[in-house]
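# Chain and residue survey
Chain by chain, the residues:
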Amino acid sequence: MDIFKFLNIPCYYQQCTDKKDYYVIFKVYNEQDVEVIDNKSVATTYYITINYWYKKTCKDIEKYKLIKKEMKSNGFKFDGVTDLSGETHFGKNMDFIIKEWN
């Protein structure tokens, strides 16, 4: 969430009820124990999806590139992007992966 504060983009976990001109919703869609030694995991891999939404009348589509750049510079591996469309907003769905050592 600190990354989005730095980018000045409102950020919500799993859902947003107060839709702004642009905002981000994120969630962890998979979590796996990795680097298992003697039946103990010494690291966890997190798979995170970020949905960047912007009003159809707003031309802030390029902010998703800033999100991608900041996530990568903070240790996340980029895993792909797809377009989204809602009633009042367009969006970009971005997936990232990160491994954290326990």
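Sequence order sets the numbering: in each chain, residues are counted from 1 along the sequence as written. pLDDT decides what is reported in this predicted model: residues at 70 or higher carry local features, side-chain atom pairs at 80 or more are listed and counted, and totals for whole chains, interfaces and linings draw on all residues regardless. Excluding hydrogens and water, the side-chain figures rest on all heavy atoms present in the structure.

On to the packing of aromatic side chains. A pair of Phe, Tyr and Trp rings is counted when the ring centres sit within 6.5 Å of each other, with Trp represented by its six-membered ring. The angle between the planes then sorts it: under 30 degrees is stacked, over 60 is edge-to-face, the rest tilted. Using the criterion set out here, one finds seven aromatic pairs in the structure. Measuring from centroid to centroid gives 6.4 Å for F76 and F96, while their planes differ by 80°, and the two rings are edge-to-face. Here F96 lies in strand 5 (residues 89–101) and F76 lies in the loop between helix 2 (63–73) and strand 4 (77–85), a separation of 20 residues in the sequence. Among the residues examined, F76 registers a relative accessible area of 17% and is labelled buried. Ring pairs connect the aromatic residues Y52, Y54 and F90, which therefore count as one cluster. Criterion for a charge above a ring: Lys NZ or Arg CZ within 6 Å of the ring centre, and within 35 degrees of the ring normal. We note K68 situated over the ring of F78; from NZ or CZ to the ring centre the distance is 4.2 Å. Its guanidinium or amino end placed over the ring of Y64, K92 lies 4.9 Å from that ring's centre, counting from NZ or CZ. Put simply, DSSP H or I for four residues or longer makes a helix, DSSP E for two residues or longer makes a strand, and each gets a number counted from the N terminus. A 1.4 Å probe rolled over the protein chains alone gives each residue an accessible area, and that area as a share of the maximum for its type sets the label: buried under 20%, exposed over 50%, partly exposed in between.

Another aspect to go through is the sheet that holds strand 4. Should DSSP find at least two bridges between two strands, the strands are regarded as paired. With respect to topology, five strands assemble into an open sheet ordered 1-2-3-5-4, the strand pairing being mixed. Each edge of the open sheet carries a strand with a single partner, namely strand 1 (11–13) and strand 4. Neighbouring strand axes in the sheet, compared pairwise and without regard to direction, differ in orientation by 25° on average. Examined bridge by bridge, strand 3 (residues 40–55) and strand 5 share 13 bridges and lie antiparallel to one another. The residue bridging Y52 from the neighbouring strand is K92, located in strand 5. To get an axis, a line is fitted to the C-alpha atoms, and for a helix only the part in contact is used. The angle between two axes follows their N-to-C directions and goes from 0 to 180 degrees.

Let us look at the nonpolar core. The tendency in soluble globular proteins is for nonpolar side chains to be buried side by side. What we call a nonpolar core is a set of buried Ala, Val, Leu, Ile, Met, Phe, Trp, Tyr and Cys residues that are connected through their side-chain atoms within 4.5 Å. Core analysis: the largest hydrophobic core is formed by 19 residues, its most contacted members being V24, I50, Y52, I67 and M71. Listing elements by their share of this core, those giving two or more residues are helix 1 (2–6), strand 2 (22–37), strand 3, helix 2 and strand 5. For this core, the leading source of residues is strand 3, giving four residues. What makes two residues a contact is simply this: any of their non-hydrogen atoms within 4.5 Å. Ignoring sequence-local partners within four residues, the contact set of I67 consists of F4, L7, I9, V24, I50, Y52 and M94.

At N8, a position not held by glycine, the phi torsion is positive, near 60°. Within the secondary structure layout, N8 lies in the loop between helix 1 and strand 1. By relative accessible area, which is 59% here, N8 ends up exposed. Positive phi, close to 50°, is recorded for D38, a residue that is not glycine. Along the polypeptide, D38 turns up in the loop between strand 2 and strand 3.

Here we take up the pattern of salt bridges. Whenever Lys or Arg places a side-chain nitrogen within 4 Å of a carboxyl oxygen from Asp or Glu, that contact is recorded as a salt bridge. Inspection of every chain in the model, using the stated rule, returns five salt bridges. Where D18 meets K20, a salt bridge forms, and the shortest distance between an N and an O atom there is 2.7 Å.

Note that strand 4 and strand 5 share eight bridges and pair antiparallel. Paired with T82 across the two strands is N93, which belongs to strand 5. Adjacent in sequence and paired antiparallel, strand 4 and strand 5 are bridged by three residues.

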